[in-house]
Amino acid sequence: MENQADRMLRANQKVTETAGISLKKRVRPGEFIIQGFLFFAGAFSILTTLGILYALGKEAMLFFSSPEVNLVEFFTGTRWQPQALQFGILPLAIATLITTLIAMLVAIPLGLFVAIYLSEFASPGLRNLLKPVLEVLAGIPTVVYGYFALTFMTPLLRSVFGRDVVDIYNTASAGLVMGILILPLITSMAEDALSAVPRSLREAAYSLGATRLETAIQVVMPAAISGLAAAFIIGISRAVGETMIVAIAAGAGPNLTLNPFKGAETMTGHIVRISGGDLSYDSIDYNSVFAIGLMLFFLTFTLNIISRAFVQRFREVYE
Amino acid sequence: MIRPQNTYDRESESRGLSPLFDENLPTRHKISTVWRFIFRLSTIIAVIFLALLLYNITNQAFGYVAIENRVDPASLAVNEIPIEEMEKDVLIALLRENISSGLMRQLEREKPLSEHTRDEVYALVIEKVVRPEAVRTWLLTESLFQRNEIRAQMAQEYPQAELTFKSWLSPQFLKVPQSSEALHAGIRTAILGSLWTVGITILVAFPLGVGAAIYLEEYAGNSWTNRVIQTNINNLAGVPSIIYGMLGLAIFVRSLETFTSGAALGFSDPTTANGRTILSAGLTLTLLVLPLIIINSQEAIRAVPGSLRQASYGVGATRWQTVWHHVLPSALPGILTGTILSISRAIGETAPLVVVGAATFIAFDPDSPFSKFTTLPIQIYQWTSRPQAEFRNLAAAAILALLVLLLSMNAIAILLRNRFHRQGGN
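Each chain has its residues counted from 1, following the order in which its sequence is written. Chains and ligands are labelled sequentially in the order written, the chains with letters from A and the ligands with numbers from 1. Restriction of local features to residues with pLDDT of at least 70 applies here, the model being predicted, together with a cutoff of 80 or more for giving and counting side-chain atom pairs; totals for whole chains, interfaces and linings are based on all residues.

### Details of the overall build of chain A
Right, so step 1: Put simply, DSSP H or I for four residues or longer makes a helix, DSSP E for two residues or longer makes a strand, and each gets a number counted from the N terminus. Looking only at helices and strands, chain A features 13 helices and two strands.
Right, so step 2: The globule rule used here is 2.2 Å times the number of residues to the 0.38 power, and the radius of gyration it is set against is calculated over C-alpha atoms. Radius of gyration (C-alpha) of chain A: 28 Å, far over the 20 Å computed for a compact globule of 319 residues.
Right, so step 3: With C-beta atoms placed from the backbone, a residue counts as buried when 20 or more other C-beta atoms lie within 10 Å of its own, as exposed when 12 or fewer do, and as partly exposed for counts between those limits. A total of 319 residues make up chain A; the buried ones form 46% of that total.

Put into structure tokens, the structure is as follows:
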């Protein structure tokens, strides 16, 4: 082998010498610069993350270290009134919880059912027709959904449950519309998970005499469970971070209530309202917004990591 | 359900099945049918929501309006000449007589009145002197099916007002700037603001995003750093957009204020000196869409067959030559599709820009990256937040404009993707 390689090398050298070209590696400074830029572009995302942690962390530290703020009170206080120097995150957190819960009550069953229908029941023609419709639904900006919540869903709720029961701004309307917003996201992730289940599993079930539904529910769904879980968690994360719908339709002003027909401000809604106004830097209001932002970041970050872990597990099984 | 035992046994035995199987079969089929119906119903509900959303917006964007003039145009007639027939000079004089000197100076500063055409001055007179006002608006469905009730109501409640059918979305609406009078408000400033911001976003995000994708797919090995970068990008794609707004506020608006306000380059516009500029907004959106562009571009680059690279290396090309001459051209349609979809996400973003500090009211065109800004979604948000019904109509018209823009971008992306698929199949 070595002998042969040597011979080839020598032949090569002879050819290049006679042709007058060198096969030696040329120094290419241009490519070196390009490679440097590419690495910088790749590493830039790390800078973004560090920037987020630094920006949120710095202001949040200022907030937590100020004498008016007590860490225990922050997590357990039931009033958020920066003017009165009362910083208890519960009213905001509970409003976020309510809208997220309502959104998930709409989006998880509907999203899952649509995904099962598309992947297990619909004909390919129908699927090709419906998937773009869902993509359109997913591509509509959230401010449009906010408009829809305020001008359609709220009047609808008020005419069904009575004007004295449902406030003009309420978390139910925001939550329901948020569910519609998240539906296509859950559908497309869940459908990916379901269609990734190998055909052989389905065929085995059919050959044992299972109906289509039994195959879908008892064979395909359990096989895709980690992918489905990932879809649901991403949906929750999206609902927690969703801003415009709640900013428009859920109400302005922190309000500790469990009644979904009353107005209440979520964490994201509060951030938008406070920072949308004329805010003086270095005031405790300004810092408090960043503290909420930090909570939000960690919450969605954890949810995303869990979701990714589920997806990873799912990939390991079938790929 | 109870059948004679003997038929049962014979039938089942001949097919080799247990009697239970046949007994359960009708129930199982029934359950199957019911659930199938539920699944189909869910899908129909999802489609109905989309239809309702579009219906609701169209319903608000067109319809009857009752317009009342605050000043009767007939009372403005000079020497029995109604204002419709007046010369430009007379109109200017009329304008000067009827509005405050401060407003007059402001108008002159924007563009001297003598340079306006006669029709422009006439429009100004209507807007500033006659001051028509929408006292009541109706939905499209009401306007179509309850015309007589509306007329009766008009005669009773607004005898002075004039009833006209108005399309809130009109060429005029796209051309005129923001105004506090709903009848004269338009989205010109908002559209220009959106174009400026997204222009900056594309300029920065496209090279950075594609560069990162090339690095990760073609250069990076499976080292620890590169895995961290990849995980980090995936996580960034899931960070709520409002967090990017706060990042933009802290970094671009505050820390880098001298650059984003243009002070470092000698722009010393006092109105924009606080860093809440188009540049800050564009850079914030850049950070927001970068992970999406990277992930989409990576997929497109990954889809390029390895044989292409091998062939290029085989004839002695360097790694960059391979990427530039072979990988990129064949991945380009996919990269462009992903970029267009990411950019359309940037066009629709509202929350981060509110946090970065979009202006609540500007009526002049942005003319540099250091101008104050507003964008189409911000304008929609502000109009929606106002209590008056006519601003809801304006918001609906602006939403239609935004959706048309986004849908045409998506259509382009889908066309590109189809082309890509066809090439891939060959």
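There's plenty left to go through after this.
### As for the overall build of chain B
Right, so step 1: Within chain B, the regular secondary structure consists of 18 helices and three strands.
Right, so step 2: The C-alpha radius of gyration computed for chain B amounts to 31 Å, which surpasses the reference 22 Å derived for 426 residues by more than 25%, pointing to a less compact arrangement than a globule.
Right, so step 3: Referenced to the eigenvectors of the C-alpha coordinate spread, the extents of chain B come out at roughly 105 × 75 × 40 Å.
Right, so step 4: The proportion of buried residues among the 426 residues of chain B is 39%.
Right, so step 5: Within chain B, contacts between residues at least 6 apart in sequence are counted, and of these 76% link residues at least 24 apart. C-beta atoms are first placed from the backbone for all residues, and any pair lying within 7 Å is then listed as a contact.

### Let's talk about the domain arrangement of chain B
Right, so step 1: An automatic or database domain assignment is the source of the domain bounds shown. Splitting chain B by domain gives domain 1 (5-58), domain 2 (63-169) and domain 3 (188-425).
Right, so step 2: Taking only C-alpha atoms, the centre of domain 1 of chain B and the centre of domain 3 of chain B are 46 Å apart.

### Let's talk about the interface of chain B and chain A
Right, so step 1: At the junction of the two partners, chain B supplies 69 residues and chain A supplies 67 residues.
Right, so step 2: Considering each element in turn, the side of chain B that touches chain A owes the most residues, 21 residues, to helix α2 (residues 19-61) of chain B.
Right, so step 3: Residue composition of the side of chain B that touches chain A, grouped by class: 45 nonpolar, 19 polar and five charged. Residues were grouped as follows: Ala, Val, Leu, Ile, Met, Phe, Trp, Tyr, Cys and Pro as nonpolar; Asp, Glu, Lys and Arg as charged; and all remaining residues, including Gly, as polar.

### Some words on the environment of Leu416(B)
Residues and elements named next belong to chain B.
Right, so step 1: As for its position among the elements, Leu-416 is in helix α18 (residues 389-425).
Right, so step 2: Taking C-alpha positions, Leu-416 is 36 Å from Arg-276, a pair spaced 140 residues apart along the chain.
Right, so step 3: Excluding residues that lie within four positions of it along the chain, Leu-416 makes contacts with Pro-333, Leu-336 and Thr-337.

### A few points about the sheet that holds strand β1 (residues 62-69) of chain B
Residues and elements named next belong to chain B.
Right, so step 1: Reading across from one edge, β2-β1-β3 is the order of the three strands in this open sheet, with antiparallel pairing throughout. With partners counted over all chains shown, the strands left at the sheet margins are β2 (132-137) and β3 (162-167), one partner each. Sheet twist, expressed as the mean angle between neighbouring strand axes with direction ignored, is 45°.
Right, so step 2: Relative to β2, β1 is paired through five bridges, and the arrangement is antiparallel. Residue Val-65 lies in a different strand from β2, and its bridge partner there is Thr-137. The criterion for strand pairing is that DSSP finds at least two bridges linking the strands in question. Only C-alpha atoms enter the line fits that serve as axes; for helices the fit covers just the stretch in contact. Angles between N-to-C directions range over 0 to 180 degrees.

### A look at the environment of Thr27(B)
All names here are of chain B.
Right, so step 1: Structurally, the position occupied by Thr-27 is in helix α2.
Right, so step 2: We classify Thr-27 as exposed; it has 10 C-beta atoms within 10 Å.
Right, so step 3: As a C-alpha pair, Thr-27 and Gly-314 span 287 residues in sequence and 65 Å in three-dimensional space.

### Some words on the packing of helix α6 (residues 142-161) of chain A against α2(B)
Right, so step 1: Two elements in contact, α6(A) and α2(B), have axes separated by 10 Å at closest approach and are oriented at 85°. When the axis of α6(A) is compared with that of α2(B), the two are roughly perpendicular. Along the contact surface, α6(A) presents Phe148(A), Thr151(A) and Phe152(A), while α2(B) presents Leu52(B), Leu53(B), Asn56(B) and Gln60(B). An angle counts as roughly parallel when it lies under 35 degrees, as roughly antiparallel when it exceeds 145, as roughly perpendicular when it falls between 65 and 115, and as oblique in every other case.

### Let's talk about the packing of helix α11 (residues 241-255) of chain B against helix α13 (residues 278-302) of chain B
Residues and elements named next belong to chain B.
Right, so step 1: Taken N-terminus to C-terminus, the directions of α11 and α13 make an angle of 135°; their axes are 9 Å apart at the nearest point. By the angle between their directions, the pair α11 and α13 is classed as oblique. Note on packing geometry: the crossing formed by α11 with α13 is right-handed. Mapping the contact onto sequence places Ser-241, Tyr-244, Gly-245, Leu-247, Gly-248, Phe-252 and Val-253 in α11 and Ser-280, Leu-283, Thr-284, Leu-287 and Leu-288 in α13.
Right, so step 2: Taken together, the residues of the contact of α11 with α13 break down into seven nonpolar, five polar and no charged. The handedness criterion is simple: a crossing whose near helix is rotated anticlockwise from the far helix by less than a right angle is left-handed, and one whose near helix is rotated clockwise is right-handed.

### What to know about the nonpolar core
Right, so step 1: Think of a nonpolar core as buried Ala, Val, Leu, Ile, Met, Phe, Trp, Tyr and Cys residues, each tied to the set through C-beta atoms within 7 Å. Grouped together as the largest cluster of nonpolar side chains are 194 residues, with contacts concentrated most on Val177(A), Ile245(A) and Ala398(B).
Right, so step 2: Sequence-distant contacts of Ala398(B), defined by excluding residues within four places in its chain, comprise Ile187(B), Leu376(B), Gln379(B), Ile380(B) and Trp383(B).

### Structural notes on helix α12 (residues 267-276) of chain A
Right, so step 1: Counting buried residues in α12(A) gives eight out of ten residues, a clear majority hidden from the surface.
Right, so step 2: Burial in α12(A) covers these residues: Met267(A), Thr268(A), Gly269(A), His270(A), Ile271(A), Val272(A), Ser275(A) and Gly276(A).

### What about the confidence of the model for chain B?
All names here are of chain B.
Right, so step 1: Here pLDDT means the predictor's own confidence in every residue, given as a number from 0 to 100. Of all residues in chain B, 92% have pLDDT values of 70 or greater, and the mean over the chain is 83.
Right, so step 2: Model confidence for chain B, summarised as mean pLDDT per element, is weakest for helix α1 (residues 5-15) at 49 and strongest for α13 at 94.
Right, so step 3: Counted against residues more than four places away or in other chains, residues 1-9, with its pLDDT under 50, gives three contacts.
Right, so step 4: Our summary of model confidence lists the complex with pTM equal to 0.86 and ipTM equal to 0.87.

### Quick word on the confidence of the model for chain A
Right, so step 1: Across chain A, pLDDT averages 87, with 94% of residues at or above 70.
Right, so step 2: Looking at the elements of chain A, mean pLDDT is at its lowest for helix α1 (residues 2-19) of chain A, recorded as 69, and at its highest for helix α4 (residues 90-121) of chain A, recorded as 94.

### Side note on the environment of Ala216(A)
All names here are of chain A.
Right, so step 1: In this fold, Ala-216 is placed in helix α9 (residues 212-223).
Right, so step 2: Between the C-alpha atom of Ala-216 and that of Ile-116, which follows or precedes it by 100 residues, the distance is 7.4 Å.
Right, so step 3: Apart from the residues lying within four places of it in its own chain, the contact partners of Ala-216 are Ile-116, Glu-120 and Met-221.

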